[in-house]
Amino acid sequence: MTRYKHKPQRMCVACRKSQDKKSLTRLVRTPEGVVVDQTGKMTGRGAYLHENPECWERGVEKNLEKALNTTLSETNRAELIAFQETFINENED
Ligand SMILES: [Zn+2]
């Protein structure tokens, strides 16, 4: 147990700030579209976003497609936008 243990840093594709992995939510490109990787263990090209409406919406509307080199369908985009509601509740813990 050392206080200096290195934590993996990941960058939010919306605000481009790096933080430790746990503070960010991973999204993964799959053949069915972009999904939220709630386990952090899905394989595939991934990108990270902060769980706040500003980063999330900017990411889903704009940066995510570039980061994942894909195009979101309107349905997929709407699903990802809707996902915000779940993490807002979690943060009220
Ligand atoms: Zn961010």
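Read on for a plain summary of the structure. (Residues numbered from 1 in each chain as written. Predicted model: local features only at pLDDT ≥ 70, side-chain atom pairs only at ≥ 80, totals over all residues.)

### Considering the overall build of the chain
- A tally of regular secondary structure across the chain gives two helices and five strands.
- Counted from the first residue to the last, the chain has its helices and strands arranged as β-β-β-β-β-α-α.
- Counting over 93 residues, the chain shows a buried share of 22%.
- Residue pairs at least 24 apart in sequence account for 46% of intrachain contacts in the chain once pairs closer than 6 positions are excluded. (Helix = DSSP H or I, 4+ residues; strand = E, 2+ residues; numbered from the N terminus. Buried ≥ 20, exposed ≤ 12 C-beta atoms within 10 Å, placed from the backbone. Contact = placed C-beta atoms within 7 Å.)

### What about the pairing of strand β5 (residues 46-50)?
- For β5, the buried fraction is high: four of the five residues fall into the buried class.
- In the sheet, strand β3 (residues 24-30) pairs with β5 via five bridges, with the strands oriented antiparallel. Directly across from L27, in β5, lies its bridge partner A47. (Pairing = 2+ DSSP bridges.)

### Here's the deal with helix α1 (residues 53-68)
- The first and last C-alpha atoms of α1 sit only 20 Å apart over 16 residues, clearly below the 22 Å expected at 1.5 Å per residue.
- Maximum bend of α1: about 60 degrees, positioned at V60.
- Every buried residue belonging to α1 is among C55, W56, G59, V60, L64 and A67, and all of these are buried.
- Directly beyond the C-terminal end of α1, a positive phi value near 55 degrees is found at N69. (Expected span 1.5 Å × (residues − 1). Bend = angle between axes of the 7 residues up to and from the residue.)

### A few points about the environment of V13
- Along the chain, the position of V13 falls in the loop between β1 (9-11) and β2 (18-20).
- Judged by local crowding, V13 falls into the buried class, with 23 C-beta atoms found within 10 Å.
- Setting aside residues no more than four positions away along its own chain, V13 makes contact with A47, Y48, L49, G59, N63, L64 and A67.

### What to know about the sheet that holds strand β4 (residues 33-37)
- One open sheet holds the three strands; their spatial order is β4-β3-β5, and the pairing between them is antiparallel. Looking at which strands have only one partner, the edges of the open sheet turn out to be β4 and β5. When the angles between neighbouring strand axes are averaged without regard to direction, this sheet yields 35 degrees.
- Examined bridge by bridge, β3 and β4 share five bridges and lie antiparallel to one another. Its bridge partner lying in β4, T30 is registered against G33.
- Of the strands in this sheet, β3, β4 and β5 are in contact with α1, which crosses β5 at around 160 degrees. (Axes fitted to C-alpha atoms, helices over the stretch in contact; angles between N-to-C directions.)

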